[in-house]
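Topology and contacts: notes
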Amino acid sequence: RDWSSDVCSSDLGVAGLPTPSAEAQTPQNIRIHDNRTAAGTLSGGTLTLALQTGTGTWRFDGDDKPGPVMQALGEVGGPLQIPSPAIRVPAGTEVKLTIRNTEGDGVLYMHGLYDRPAGGDTVVTIAPGETKAINFRLSTPGTYYYWGARTDKPMSSRMGADSQLSGAIVVDPAGTKPDPKEEIFVITEWLDAYRTNGAPVFSAALAVINGRSWPANQKLTYTQGEAVKWRWINASMEDHPLHLHGFYFRVDSRGDGLADKLYPQGPERDWVVTEQLMTGETMTTTWVPTQPGNWGFHCQDR
């Protein structure tokens, strides 16, 4: 699939489309980031993080290109970000988080802000203008995520102006440091929609990795023979069969946001060129570039 021209066939809806306002007349630019910098302040086993919602221009094709007005999250005092600010901590960290829902955006439904493994999703509702404190512990290593929406519908129905409210949560084993070469990728989607005689009309569809569409998204360079580790989070409204050109990759773990299963070491681990990642799922992969060249990684759906 061409990530810049995705067409989707899931449960269509238009909830979360932006409402014209004075703020939307001159929106700030939303910052695109690569999940390499963790949000908040980590001290004494506690992460302190303050987030707030906002509306800005999402320039998914490049900083000098036009883009739609979207909703996003950012740290208080900092820019809005797509993907949402990344939470990365060692296992056992207490998280002290506040989220402010800015005026005029409607109720904010936040998911994923709890310890793992979890028996089910816990949703926190934040009224317009409200700041809510959410405290929880992250005790189990793995790849997780949090996400927001303007309705109480599932992720598969989130496709409007709130569709980019998604952030990575990575919990490292206690006593270890993150690999600086590891990449974290968040997949999201957006449908541009308007109503004609009460019926939704979809004029554009887009799928992105870490907030950018092809060919504006991140290019990666590796040394032949070095091990490459990727973490994937599918926070989009549909499934994606992810395909690597030129090499096999090993699936090290899979998760559903509530728990993350690390596969045992040994030859029984699958080596694949394509792996299906369902809506709301995560996985970690390892592969080795054994030969030089320019190679692609993309969704194989179409």
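All figures in this text were calculated on a predicted structure; none of them were measured in a lab. (Residues numbered from 1 in each chain as written. Predicted model: local features only at pLDDT ≥ 70, side-chain atom pairs only at ≥ 80, totals over all residues. Heavy atoms only, no water.)

1. Comments concerning the overall build of the chain
In plain terms, the rule: Elements are defined by DSSP. Helices are runs of H or I of four residues or more, strands are runs of E of two residues or more, and each kind is numbered from the N terminus. A simple rule labels every residue: compare its accessible area, found with a 1.4 Å probe on the protein chains alone, to the largest value its type can have, and call it buried under 20%, exposed over 50%, or partly exposed in between. With residues, only the protein chains shown are counted as cover, and all accessible areas are computed by Shrake-Rupley using a 1.4 Å probe.
Of regular secondary structure, the chain possesses one helix and 23 strands. Expressed as a percentage of the 302 residues in the chain, the buried residues total 48%. Carbon together with sulfur atoms contributes 52% to the accessible area of the chain, which is approximately 13,500 Å² in total.

2. Focus: the layout of surface pockets
Note the threshold: Cavities and pockets are found on a 1 Å grid laid over the protein atoms alone: a cavity is a set of points where a 1.4 Å probe fits but cannot escape, a pocket is an open set with protein on both sides within 12 Å along at least five of seven lines, and a lining residue has an atom within 4 Å of such a point. Grid points are joined across faces, edges and corners, and a volume is the space filled by probe spheres set on the points. Under the convention adopted here, Pro, Cys and the residues Ala, Val, Leu, Ile, Met, Phe, Trp and Tyr are nonpolar, Asp, Glu, Lys and Arg are charged, and Gly plus all remaining residues are polar.
Of the pockets and cavities examined, the largest pocket occupies roughly 850 Å³. Forming the walls of the largest pocket are 33 residues, and the residues nearest its centre are Gln 218, Lys 219, Leu 220, Trp 295 and Phe 297. Looking at the lining of the largest pocket, its residues break down into 17 nonpolar, eleven polar and five charged. Each pocket or cavity is described by its volume, and for the second largest pocket that value is around 300 Å³. Taken together, 17 residues form the lining of the second largest pocket, with Lys 229, Arg 231, Ser 253, Leu 262 and Thr 284 sitting closest to its centre. With three residues, strand β19 (residues 260–262) is the largest single contributor of residues to the lining of the second largest pocket. When the residues that make up the lining of the second largest pocket are grouped by side-chain class, the tally is four nonpolar, six polar and seven charged.

3. Notes on the pairing of strand β17 (residues 240–244)
Heads up, the condition is: When DSSP finds two or more bridges between a pair of strands, those strands are recorded as paired.
Among the five residues of β17, five are classified as buried, and the element is accordingly described as predominantly covered. A two-sided burial pattern is seen for β17, the buried positions comprising His 240, Leu 242 and Leu 244 on one face and Pro 241 and His 243 on the other. The sheet contact formed by β17 and strand β21 (residues 274–277) spans four bridges and is antiparallel. When the bridges of β21 are listed, His 240 appears paired with Leu 277.

4. Description of the confidence of the model for the chain
Condition: Residue-level confidence of the predictor is what pLDDT reports, using numbers from 0 through 100. The contact criterion used throughout is that any non-hydrogen atoms of two residues lie within 4.5 Å.
Looking at the chain, the pLDDT average stands at 88 and 86% of residues meet or exceed 70. Note on residues 1–24: pLDDT under 50 across the span, and 71 contacts to partners over four residues away in sequence or across chains.

5. Comments concerning the packing of aromatic side chains
Put simply, the test is: Pairing of aromatic rings covers Phe, Tyr and the six-membered ring of Trp, with a centre-to-centre limit of 6.5 Å; geometry is then stacked below 30 degrees between planes, edge-to-face above 60, and tilted otherwise.
Tallied over the entire structure, the rule returns 13 aromatic pairs. Seen from their ring centres, Trp 58 and Phe 60 are 5.1 Å apart, and the 65° between their planes marks the pair as edge-to-face. In this pair, the class of Trp 58 matches that of Phe 60, namely buried. Plain terms: the ring middles of Phe 185 and Trp 232 are 4.5 Å apart, the flat faces sit at 35° to each other, and that makes the pair tilted. Placement of Phe 185 in strand β14 (residues 183–196) and of Trp 232 in strand β16 (residues 228–234) is noted, with a sequence separation of 47 residues between them. Taken individually, Phe 185 and Trp 232 each receive the classification buried, so the pair is uniform in this respect.

6. A closer look at the sheet that holds β21
The condition that has to hold: Lines fitted to the C-alpha atoms define the axes, with helices restricted to the stretch that makes contact. Angles between their N-to-C directions range from 0 to 180 degrees.
Pairing is antiparallel in the open sheet, where three strands are placed in the order β21-β17-β23. Edge positions in the sheet fall to β21 and β23 (297–299), since each of these pairs with one other strand and no more. Shown here is a sheet whose adjacent strand axes are inclined to one another by a mean of 25°, direction ignored. Judged from the three bridges that link them, β17 and β23 form a sheet pairing that is antiparallel. Residue Leu 244 lies in a different strand from β23, and its bridge partner there is Phe 297.

7. Quick word on the environment of Thr 282
Short version of the rule: Polar contact criterion, stated in full: a pair of N or O atoms within 3.5 Å, where within protein one must be able to donate a hydrogen and the other to accept it, and residues adjacent in sequence count only if both atoms are side-chain atoms.
Mapped onto the elements of the fold, Thr 282 is located in strand β22 (residues 282–287). Note on Thr 282: relative accessible area 0%, which makes it buried. A polar contact of 3.4 Å, which involves the side chain of Thr 282, links it to the backbone oxygen of Thr 143.

8. Let's talk about the pattern of salt bridges
If the charged atoms of two oppositely charged side chains come close together, the side chains can form a pair. Test applied: For salt bridges, the criterion is a side-chain nitrogen of Lys or Arg within 4 Å of an Asp or Glu carboxyl oxygen.
Across all of its chains, the model carries 15 salt bridges by this definition. Between Arg 88 and Asp 172 there is a salt bridge, and its shortest N-O distance comes to 2.9 Å. A residue pair is termed long-range when its members are at least 10 positions apart, and Arg 88 in strand β7 (residues 84–90) and Asp 172 in strand β13 (residues 166–172) qualify at 84 residues. Relative accessible area serves as the criterion here: at 7%, Asp 172 is assigned to the buried category. Linking Glu 275 and Arg 254 is a salt bridge whose minimum nitrogen-to-oxygen distance equals 2.8 Å. Residue Glu 275 is located in strand β21, and its partner Arg 254 is located in strand β18 (residues 249–255); the two are separated by 21 residues in the primary sequence. For Glu 275, a relative accessible area of 16% corresponds to the buried category. Of the residues examined, Arg 254 reaches a relative accessible area of 16% and is grouped as buried. Connected through shared salt-bridge partners, Arg 88, Asp 172, Glu 182, Lys 229 and Arg 231 make up one network.

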